[in-house]
Amino acid sequence: MPSAMGFCVPTDTIGDMEPQLRRPTRRACERCGRVERWDGDAATWRVASEDGDKQVGNPYCIHEWDINGRFAPFEEPA
Ligand SMILES: [Zn+2]
């Protein structure tokens, strides 16, 4: 019987683990240099500031996000 989510999440990997650890918290555009940080409270991306300057990049850019680190939503089986 298919689940409503379309896939099955092993319940032993969620719950008391910090879900933020499994999500990217920063992303940068490879095209225009825009940098955003994840605001967990607002559940949205916000423009990051570095050295006092907002890394807004090009507002007309079709951003191509380079997520820092490896983002794997599921663990690869060993
Ligand atoms: Zn961009």
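Structural data are supplied above this passage.
So, here's what we can say about the structure. All values derive from a computational prediction rather than experimental measurement.

Considering the sheet that holds strand β6 (residues 65-67)
The strand order across the open sheet built from four strands is β3-β2-β1-β6, with neighbouring strands paired in antiparallel fashion. At either end of the open sheet lies a strand with only one pairing partner, and these are β3 (44-47) and β6. The average undirected angle you get between the axes of adjacent strands in this sheet is 35°.

Let's talk about the coordination of the zinc ion
Looking at the zinc ion, one finds its protein donor set to be C29 (SG), C32 (SG), C61 (SG) and H63 (ND1), positioned 2.1 to 2.4 Å from the metal centre. Every donor counted, the four donor atoms about the zinc ion form angles of 104 to 115° at the centre, which fits tetrahedral coordination. The motif formed by the donor residues of the zinc ion, counted along the single chain, is C-x2-C-x28-C-x1-H. The partly exposed category is assigned to C32, whose relative accessible area is 24%.

A few points about unusual backbone geometry
Even without a glycine there, the phi angle at A43 is positive, about 55°. Tracing the sequence through the fold places A43 in the loop between β2 (35-39) and β3. Its identity is not glycine, yet D51 carries a phi of approximately 55°, on the positive side. As for its position among the elements, D51 is in the loop between β4 (49-50) and β5 (53-54). For D51, a relative accessible area of 81% corresponds to the exposed category.

Observations concerning the packing of aromatic side chains
Taken as a whole, this structure holds one aromatic pair when the rule is applied. Ring centres 5.3 Å apart and planes at 70° place the aromatic pair W38 and W45 in the edge-to-face group. Residue classification places W38 among the partly exposed residues on the basis of a relative accessible area of 31%. The exposure class assigned to W45 is partly exposed, which follows from its relative accessible area of 22%. The ring of W65 carries the charged tip of R27 above its face, separated from the ring centre by 4.0 Å.

Looking at the pattern of salt bridges
Applying the stated criterion to the full structure yields five salt bridges. Measuring nitrogen to oxygen at the nearest pair gives 2.6 Å for the salt bridge that ties E36 to R27. Of the charged contacts, one joins E64 and R31 as a salt bridge, the two residues approaching to 2.9 Å between their closest N and O atoms. Of this pair, E64 sits in the loop between β5 and β6 while R31 sits in the loop between β1 (26-29) and β2, and the two are 33 residues apart along the sequence.

Rules of the game
Residues numbered from 1 in each chain as written. Predicted model: local features only at pLDDT ≥ 70, side-chain atom pairs only at ≥ 80, totals over all residues. Heavy atoms only, no water. Pairing = 2+ DSSP bridges. Helix = DSSP H or I, 4+ residues; strand = E, 2+ residues; numbered from the N terminus. Axes fitted to C-alpha atoms, helices over the stretch in contact; angles between N-to-C directions. Donors = N, O, S within 2.8 Å, 3.2 Å for Na, K, Ca; no water. Tetrahedral: all angles 85-135°; square planar, octahedral: opposite > 155°, others 65-115°. Buried < 20%, exposed > 50% of the residue type's maximum accessible area, 1.4 Å probe, protein only. Phe/Tyr/Trp six-rings, centres within 6.5 Å; stacked < 30°, edge-to-face > 60°. Lys NZ or Arg CZ within 6 Å of the ring centre and 35° of its normal. Salt bridge = Lys/Arg side-chain N within 4 Å of Asp/Glu carboxyl O.

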